[in-house]
Amino acid sequence: MDRECLELREKIQDAELVLVGLGEACQYDWNALLQDERYQEIERETGDDERYVWIVPFLQKMILRRGRGERWEKFYHILRKMLEGKNYFIVSLCMDDYLYDAGFDESKVVSPCGGFRRMQCNKNCAGELSDMPEESYEAVLRYYRREIPLTALEEPVCGRCGEKLRFNQLGVERYAQEGYLEQWSHYTKWLQGTVNKKLCILELGAGMAYPGIVRFPFEKVVYYNQKAFLYRVHPQLYQVGEEIADRSLGVAENPIDFLMGLEKL
Ligand SMILES: [Zn+2]
């Protein structure tokens, strides 16, 4: 692994442009919430009652706001240091928003799966996003702290049509792509600018959940750009296609551990 890390560092230093893809394996592990005692109690209390399903993402948001923890801090710190002074773009499949608090240039980041930063109407009735109503978040927090009963909670609704208000992320009834499309068009323009340039692609932990966003298009870029090189880091799905075998390397490794390895060198 050390040799691969060393080579990667050289490749990035040498590259004119760096494209990073963050996949599912880089996402916050929701099991931490499931193991939370108070959360288990809440699950028992709400049971199958559909009226209270909406509080779960608010509790997820609460967990995310508590802070990233040392491992994640380090991971993003190393990534940031690695990209310092580079012309880069990051495509992330993560919905935990950690990337947005890690000091990257937001104009160089796109997260097409959405996250917890904005909200939308479940039916996307007007094609617009809204801020999270802090009073709803506060109420869920107070319920979590046992300061108010479950029955005191009221689900926030769309100000236009009265439908459920949801976090702008994949999984809502009609996902509002308005949340990322503008950044996506910046990204595709940036990609056009990589043609015939020395491009280093670092794909970290992207499995087969959304291969049309990260894996396949990355392979295609390397296939057409003879000066591109792809690092595919994934504990299981690290394989690369034969047609780009001479310009890519699959690393069977947890992407977080792999990046940690960079710092030790
Ligand atoms: Zn609506």
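Whatever comes next refers back to the structure up there.
Read on for a plain summary of the structure. (Residues numbered from 1 in each chain as written. Predicted model: local features only at pLDDT ≥ 70, side-chain atom pairs only at ≥ 80, totals over all residues.)

With that out of the way, let us pick up the sheet that holds strand S3 (residues 109–110). Reading across from one edge, S3-S2-S1-S7-S8-S9 is the order of the 6 strands in this open sheet, with parallel pairing throughout. The strands lining the two open edges of the sheet, one partner per strand, are S3 and strand S9 (248–252). (Pairing = 2+ DSSP bridges. Helix = DSSP H or I, 4+ residues; strand = E, 2+ residues; numbered from the N terminus.)

Among the 6 residues in strand S7 (residues 199–204), 6 count as buried, and that is most of the element. Taking every second residue as pointing to the same face, both faces of S7 are buried, with Leu199, Ile201 and Glu203 on one and Cys200, Leu202 and Leu204 on the other. Looking at chain direction, strand S1 (residues 17–22) and S7 are connected through 6 bridges and run parallel. Residue leucine 19 lies in a different strand from S7, and its bridge partner there is isoleucine 201. Taken together, the 6 bridges between S7 and strand S8 (residues 228–234) define a ladder with parallel strand orientation. Paired with cysteine 200 across the two strands is phenylalanine 229, which belongs to S8. Crossover connection from S7 via helix H8 (residues 215–224) to parallel S8: handedness right-handed. (Buried ≥ 20, exposed ≤ 12 C-beta atoms within 10 Å, placed from the backbone. Right-handed = clockwise from strand over helix to strand, strands pointing away.)

In this section: the nonpolar core. If you look at the biggest cluster of nonpolar residues, it comprises 42 residues, and the most contacted ones within it are Val20, Ile90, Ile201 and Leu230. Those residues in contact with leucine 230, other than ones at most four positions away along the chain, are Ile201, Glu203, Phe218, Val222, Val240, Ile244, Arg247 and Ser248. (Core = buried A, V, L, I, M, F, W, Y, C linked by C-beta atoms within 7 Å. Contact = placed C-beta atoms within 7 Å.)

For helix H5 (residues 70–83), built from 14 residues, the straight-helix expectation of 20 Å at 1.5 Å per residue is met to within 8% by its first-to-last C-alpha distance of 20 Å. Within H5, the full set of buried residues consists of Phe75, Tyr76 and Leu79. One side of H5 holds all its buried residues, which, seen down the axis, span an arc of 85 degrees. Facing away from the buried side of H5 by over 90 degrees, the exposed positions are Glu70 and Lys81. (Expected span 1.5 Å × (residues − 1). Arc of directions from axis to C-beta.)

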